[in-house]
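# Residue-level structure breakdown
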Amino acid sequence: MIWQLQGFDRVEFIQQYWQKKPCLMRQVFANFQSPVSPEELAGLACEEGVHSRLVIEKDAETPWQLSYGPFSEDEFRSLPASHYSLLVSECEKWIPELAELLDEFRFIPSWRIDDLMVSYAPLGGSVGPHSDEYDVFLLQVQGHRKWQYTNSRVENPTLLAGLDLAIMQDFTADQEAVLAPGDMLYLPPGIAHHGVALDPCLTYSIGFRAATAVEVLESFILEADRRNLGSQRYCDRELEVNRHFAEITDTEVDRFKNLALSLLDAPRQLWVDTAGKLLSDSVINDFSPEQPPARLDELFQFDWLINPETKMLYHRGNSSISFYCNGQSWELPNSDQVIAVIQALCEHRVLAASTLEACALQPALSKLLIELVNNGAIVRADQ
Ligand code: SIN
Ligand code: CO
């Protein structure tokens, strides 16, 4: 472990700041060394499959310009000397030390974390004043950035017209702070902010996701459908007689609403699976290894890693444990031994020999582990 959050009271932070108000933290990552340099970040932004963006201010006819990677070396060579930002998302997938840094944020559920974005900006670089619908920790890693931000949510701000970027037309800050390496600023959703580089700087954004009601409902509907629920039909035995045939009456609208609400009042496990599958959803699907292991003892012949894209979560119910991995679910016996193995799987990036041994003692866990290998959630370290 290279870095640790220091002098930071997790309980106080959650009770007073999380989702409530901005929090400026000085030197909470003192002596922080970025495992990625600006040059390496630019190299990453040239690679296929890496999500990168360049935001350039005052470069051409529009005040702001946005372009998406992968970029070429020539594009980097022709950048202006100042007033631009290079932003690379999901860096924790490419740089293992950054995945370790995210572990420091485990005082918040792992399924709330979206990604770690690294941005580089020379003097004057910024992405303009804006607000995000995400909670974010802005960790200053190299150089200095002046942050201006509001104390509370800004509702429906007017945006600059004709841009691909959501930049606020009018921005008035309540607070201002210059962040030096090791300082961190937390912003809840909706807080308007504007961070300008005072010298060449690297900033990490640890962003958090929050599902929309529509996403929750979509996941619920998928689950309900899998269980063949939801086939109950609209019925109108008390059909109104004095009405125009083309009218949809208020009573009828209520019948539709109640039909849908009766489905939502579903058994608890359907809601558990709705949450588990939604939150563990990942890009890994339909993976099939060349030679799938059939027995657990075959796994002992190699070293195994948890695929960096894998998401594992669990819910402990009264009689069983629901385990979720990459959008799939497993029902496991509820015992302290099983929970210990499940937590070990969720906590580490390598599959420890002790976890393998513990799985060998429980048929349900042996079966689970083989299936996790077969669907690509766990991969061979040497491949
Ligand atoms: C940046 O790192 O430049 C932008 C981060 C943000 O404002 O969300
Ligand atoms: Co932002």
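### Observations concerning the sheet that holds strand S7 (residues 145-153)
Here 3 strands make up an open sheet; going across it, the order is S8-S7-S10 and the pairing antiparallel. For this open sheet the edge positions go to strand S8 (175-179) and strand S10 (191-197), each flanked by a neighbour on one side alone. In this sheet, adjacent strand axes meet at a mean angle of 20° when their direction is disregarded. Here S7 pairs with S8 via 5 bridges, running antiparallel. When the bridges of S8 are listed, Arg 145 appears paired with Leu 179.

### A look at the site of ligand 1
Neighbouring ligand 1 are the residues Leu 87, Ser 119, Val 127, His 130, Asp 132, Leu 138, Arg 145, Trp 147, His 193 and Ser 205. Contact between ligand 1 and Arg 145: an oxygen atom at 3.5 Å from a side-chain N or O atom of the residue. Protein contact buries 94% of the 260 Å² of open area that ligand 1 shows by itself. Along the lines of polarity and charge, the residues of the shell around ligand 1 split into 4 nonpolar, 4 polar and 2 charged.

### Describing the domain arrangement of the protein chain
For the protein chain, the assigned domains read domain 1 (10-208), domain 2 (213-266) and domain 3 (296-380). Centre-to-centre, using C-alpha coordinates, domain 1 lies 44 Å away from domain 2.

### What about helix H5 (residues 213-226)?
Between its first and last C-alpha, H5 extends 20 Å over 14 residues, near the 20 Å set by a 1.5 Å rise per residue. Those residues of H5 that sit buried are Ser 219, Phe 220, Glu 223 and Ala 224. Viewed end-on, H5 has its buried residues packed into an arc of 140°, placing them on one side of the element. Every exposed residue of H5 that faces more than 90 degrees away from the buried side is listed here: Val 214, Glu 218, Leu 222 and Asp 225. Buried residues belonging to H5 abut helix H6 (250-264) and helix H7 (268-280). Two residues or fewer after H5 comes Asn 228, characterised by a positive phi angle close to 55°.

### Remarks on unusual backbone geometry
Between Gly 69 and Pro 70 the backbone carries a cis peptide bond, its omega angle lying at 5°. Checked against the element boundaries, Pro 70 lands in the loop between strand S3 (64-68) and helix H3 (73-77). If you check the backbone angles, Asn 156 has positive phi at about 40° while not being a glycine. Along the chain, Asn 156 falls in the loop between S7 and S8. Residue class for Asn 156 comes out exposed when judged on its relative accessible area of 72%. Unusually for a residue other than glycine, Asn 326 sits at a positive phi of about 50°. You can see Asn 326 is positioned in the loop between strand S14 (320-325) and strand S15 (328-333).

### Topic: the pattern of salt bridges
Here the structure, examined in full by the defined rule, presents 21 salt bridges. A salt bridge links Arg 243 to Glu 252; the nearest nitrogen and oxygen atoms lie 2.6 Å apart. With relative accessibility at 6%, the residue Glu 252 sits in the buried group. With its nearest N and O atoms 4.0 Å apart, the salt bridge here joins Arg 295 to Glu 298. Given a relative accessible area of 48%, Arg 295 falls into the partly exposed group. One network of salt bridges, with partners in common, ties together Glu 223, Arg 226, Arg 227, Asp 273 and Lys 277.

Criteria and thresholds
- Residues numbered from 1 in each chain as written.
- Chains lettered and ligands numbered in written order.
- Predicted model: local features only at pLDDT ≥ 70, side-chain atom pairs only at ≥ 80, totals over all residues.
- Heavy atoms only, no water.
- Pairing = 2+ DSSP bridges.
- Helix = DSSP H or I, 4+ residues; strand = E, 2+ residues; numbered from the N terminus.
- Axes fitted to C-alpha atoms, helices over the stretch in contact; angles between N-to-C directions.
- Near = heavy atom within 4 Å.
- Polar contact = N/O pair within 3.5 Å; in protein donor to acceptor, adjacent residues only side chain to side chain.
- Areas by Shrake-Rupley, 256 points an atom, 1.4 Å probe, with all protein chains shown as cover.
- Nonpolar A, V, L, I, M, F, W, Y, C, P; charged D, E, K, R; others polar.
- Domains from an automatic or database assignment.
- Expected span 1.5 Å × (residues − 1).
- Buried < 20%, exposed > 50% of the residue type's maximum accessible area, 1.4 Å probe, protein only.
- Arc of directions from axis to C-beta.
- Contact = heavy atoms within 4.5 Å.
- Salt bridge = Lys/Arg side-chain N within 4 Å of Asp/Glu carboxyl O.

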